[in-house]
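Coordinate analysis (summary)
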Amino acid sequence: MVATLVRLRLRMLGHVLGREVWRLVLTVLGLLWVLTSLPTVLLGMRWLGGQPAEITHDVLVVTGAAVTLAWALAPLLVPGMDDSLDIRRFVTFGLTAPRLVPGLLAAGAISVPALMTGLVAASAALAWQGAPASALALALTPVSVLTCMLAARLAATAVTGALGSRRSREVTATAGALVAVLAIPLLVGITSLGMDAALERVPQVTAVLAWTPLGAGWAAPGALAEGDVVLAAGQALTATAWVLVGAWCWGRALQ
């Protein structure tokens with residue numbers, strides 16, 4: 001089923017790009033953006049590799065949380081995303097939604113955002129000096145990407161399923177504007193604290209994020225780099241468990 005949906009996604013993507021020039025242009029520009037951004041990401045990770053382990057840990061956890069949040073907010077900020085493999089198209093085949101979830105996720109990974117997210121997550125291996133921590137960062141790359149994709153799928157399904165496709169576009173656009181407005185007081189609050197005071201609270205924030213879907217996959221290599229094998233294993237298992245829970249929730253929502 002996974003291979004079938006991936007082939008279907010590739011075939012549909014080829015037809016769309018061949019028929020709609022503007023989509024082809026956007027895809028090419030997106031790939032060029034990935035290629036031009038990659039050296040900067042790699043240099044940034046190499047620079048982090050020269051910093052103390054706790055600083056590297058905090059920066060990567062905050063980065064991972066920001067990336068995951070961006071995926072979760074994308075359906076609100078950009079309504080009407082690609083629905084070429086909408087679950088409703090498979091109703092007549094007599095398949096259950098949970099059975100389709102792995103294939104839908106694999107097919108959904110064929111996109112520029114998923115490619116960029118995967119490259120950023122994989123490049124985190126360069127930030128860790130020890131081979132075990134780097135290997136764990138690479139091993140958790142699929143987990144981090146799947147977490148981001150599930151965050152977007154759950155957000156989109158929740159909004160669309162609750163309100164209907166037509167009205168959901170209006171509501172998601174309004175919600176996106178509301179998110180942007182609410183971000184202003186947050187930025188003002190951080191500014192009022194001062195840079196030093198804000199930075200002092202970063203370790204406390206990352207300690208919490210390290211056990212959530214936002215940061216667990218990014219935090220585990222840091223714990224291993226600091227020699228805490230038990231903590232690293234716990235956070236890696238937590239990150240994997242969040243993916244399984246997210247996939248189960250999405251399957252139930254789609255069903």
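For the structure itself, consult the block above.
An account of the accompanying structure is given in this report.

1. Looking at the nonpolar core
Counting residues in hydrophobic clusters, the biggest one holds 30 residues, and the most contacted among them are L104, W250 and L254. Listed by contribution, the elements that provide at least two residues to this core are α4 (97-108), α7 (141-163), α11 (216-225) and α12 (229-254). Top contributing element to this core by residue count: α12, with seven residues. Among all residues touching L104, those that are not within four sequence positions of it are L5, L85, I87, F90, W250 and L254. Core analysis: the next-biggest nonpolar cluster, separate from the first, contains 16 residues, V41, M45, L48 and A121 among them.

2. A short note on empty space enclosed by the protein
Per the stated rule, a full pass over the model turns up two cavities of 30 Å³ or more. Approximately 70 Å³ is the volume found for the largest cavity. Looking at the largest cavity, the residues that line it are L60, A121, A124, W128, A137, L140, T141, S144, G217, W218 and P221. Those elements that place two or more of their residues in the lining of the largest cavity are α7 and α11. Looking at which element gives the most residues to the lining of the largest cavity, the answer is α11, with three residues.

3. Looking at the pattern of salt bridges
What the rule picks out here adds up to one salt bridge. Its salt-bridge partner being R23, residue E20 comes within 2.5 Å of it at the nearest N-O pair. Owing to a relative accessible area of 23%, E20 belongs among the partly exposed residues under this scheme.

4. What to know about a nonpolar patch on the surface
On the surface, a nonpolar cluster with roughly 870 Å² of combined accessible area is contributed by V21, W22, L24, V25, L26, V28, L29, L32 and L35. Residue placement: L29 occurs in helix α2 (residues 21-49).

5. Quick notes on the packing of α2 against helix α5 (residues 112-123)
The N-to-C vectors of α2 and α5 enclose an angle of 10 degrees; their axes lie 10 Å apart at closest approach. The orientation of α2 with respect to α5, classified from their angle, is roughly parallel. Here T27, G30, L31, W33, V34, S37, L38, V41, L42 and M45 of α2 come into contact with α5, specifically with V112, L115, M116, L119, V120 and S123. Considered class by class, the residues forming the contact of α2 with α5 number 12 nonpolar, four polar and no charged.

Parameters and conventions
- Residues numbered from 1 in each chain as written.
- Predicted model: local features only at pLDDT ≥ 70, side-chain atom pairs only at ≥ 80, totals over all residues.
- Heavy atoms only, no water.
- Core = buried A, V, L, I, M, F, W, Y, C linked by side-chain atoms within 4.5 Å.
- Buried < 20%, exposed > 50% of the residue type's maximum accessible area, 1.4 Å probe, protein only.
- Helix = DSSP H or I, 4+ residues; strand = E, 2+ residues; numbered from the N terminus.
- Contact = heavy atoms within 4.5 Å.
- 1 Å grid on protein atoms, 1.4 Å probe; cavity = no way out; pocket = protein on both sides within 12 Å on 5 of 7 lines; lining within 4 Å.
- Points joined across faces, edges and corners; volume = space filled by probe spheres on them.
- Salt bridge = Lys/Arg side-chain N within 4 Å of Asp/Glu carboxyl O.
- Patch = residues over 30% accessible without salt bridge, like charges linked within 9 Å, V, L, I, M, F, W, Y side chains within 5 Å.
- Areas by Shrake-Rupley, 256 points an atom, 1.4 Å probe, with all protein chains shown as cover.
- Axes fitted to C-alpha atoms, helices over the stretch in contact; angles between N-to-C directions.
- Parallel < 35°, antiparallel > 145°, perpendicular 65-115°, else oblique.
- Nonpolar A, V, L, I, M, F, W, Y, C, P; charged D, E, K, R; others polar.

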